[in-house]
Amino acid sequence: MAASRTYKTRGIVLRKTKLAEKDLIVTILGEDGSLVRAVAKGARKPGGSMAGRLDLFCIADALIAKGRSLDVVSDARLAKGERHDPFGLEQASCAAVVAEIVCLVAQEGLEQPRLFDMTKTALDAIGAAEPNGALAAAAAAMLKTMAMAGFRPSFDECVSCGNAIPLEGGPGKVALSLEGGGVVCGSCCRPADALMYAANTLAWAKALLYARFDDISAMEIDNAVLFDVLHFARQWARTHVGRDVKSLDFVFTGGLF
């Protein structure tokens, strides 16, 4: 029996890219944690059958036909029970950061179910949060996504000798080796291989990495500290994934926070 040329997928719409005059290329994170990229023909046509069915950060059920270079979305609709409350500008800018970092670590055909669950939870938390809470959730999602991809920073022990390094009540600055994978003690630190970070920044990065999203909204974190954590997360991602999280530019310079 010939293999089916169509398949169904449920996933989060992470990215939409314009193609030709009326089409879109959509990037979807499937429930199994793998990426799906497909062309949605006529999706930009006002009043078209795809209108409102593949909105960013929503969960959609899609019927997709296999193609030569890119698959094609034959039909799509919002998943049953999925709410469609438009994000405010602050929340949307934070959600874009989450979507971009997930696109950098997820791959087509690579199943990572925990990545889907974490991404959905992060986007739900951002959508329900005030601007400060959305910023904190975005920072947490960046760190958690990198950890799931195998790049978990070491905040407690020197990555060279294993000595404990206190962040709370410790020195004002702590050396951290991006390439080495975490903090470095004074005896092992090589200035050429390490950067100095405020201990408070790394302490909050650690807290956000391990916190549940339900608890993050209750954390009282100054926006300046969150920006420092996001700068660290950006450097961490750039080092280990080799790509920049460009959506952070708008977060830093847009004047929203």
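A quick note: this is a predicted structure, and the numbers were derived from the prediction, not measured.

Calculation rules
- Residues numbered from 1 in each chain as written.
- Predicted model: local features only at pLDDT ≥ 70, side-chain atom pairs only at ≥ 80, totals over all residues.
- Heavy atoms only, no water.
- Helix = DSSP H or I, 4+ residues; strand = E, 2+ residues; numbered from the N terminus.
- Rg over C-alpha atoms; globule rule 2.2 N^0.38 Å.
- Buried < 20%, exposed > 50% of the residue type's maximum accessible area, 1.4 Å probe, protein only.
- Contact = heavy atoms within 4.5 Å.
- Lys, Arg positive; Asp, Glu negative; His and termini not counted.
- Charge placed at Lys NZ, Arg CZ, Asp CG, Glu CD.
- Disulfide = S-S within 2.5 Å.
- Salt bridge = Lys/Arg side-chain N within 4 Å of Asp/Glu carboxyl O.

**With respect to the overall build of the protein**
Check the secondary structure of the protein and you find seven helices and eight strands. Its C-alpha atoms give the protein a radius of gyration of 20 Å, within 12% of the compact-globule value 18 Å for 257 residues. Seen along its three principal axes, the alpha-carbon backbone of the protein occupies a region of about 65 × 40 × 30 Å. Sorting the 257 residues of the protein into buried and exposed places 46% on the buried side. Considering only residue pairs separated by 6 or more positions, the protein has 63% of its internal contacts joining residues 24 or more positions apart. Placing the 29 positive and 29 negative side-chain charges of the protein at their respective mean positions leaves the two points 9 Å apart.

**Re the state of the cysteines**
Applying the stated criterion to the full structure yields zero disulfides. Lacking any disulfide linkage, Cys103 is separated from the closest cysteine sulfur, that of Cys58, by 15 Å. Residue Cys103 is classed as buried on the basis of its relative accessible area, which comes to 8%. Residue Cys185 stays outside any disulfide, its sulfur separated by 3.5 Å from that of Cys188, the closest cysteine. Taking relative accessible area as the criterion, Cys185 reaches 11% and is therefore assigned buried.

**Brief notes about the pattern of salt bridges**
What the rule picks out here adds up to 13 salt bridges. Between Asp75 and Arg77 there is a salt bridge, with its nearest N and O atoms 3.2 Å apart. The network of salt bridges with shared partners includes Arg234, Arg238, Asp244 and Asp249.

**Quick look at the environment of Arg190**
Relative to the helices and strands, Arg190 is located in the loop between strand S7 (182-184) and strand S8 (195-198). Spatially, the C-alpha atoms of Arg190 and Leu176 are 9.9 Å apart, while their sequence positions differ by 14 residues.

**Considerations on the environment of Leu24**
Along the chain, Leu24 turns up in strand S2 (residues 23-30). Between the C-alpha atom of Leu24 and that of Gly42, which follows or precedes it by 18 residues, the distance is 7.6 Å. Residues in contact with Leu24, not counting those within four places in the same chain, are Lys16, Thr17, Lys18, Leu19, Ala38, Val39, Ala40, Ala43 and Arg44.

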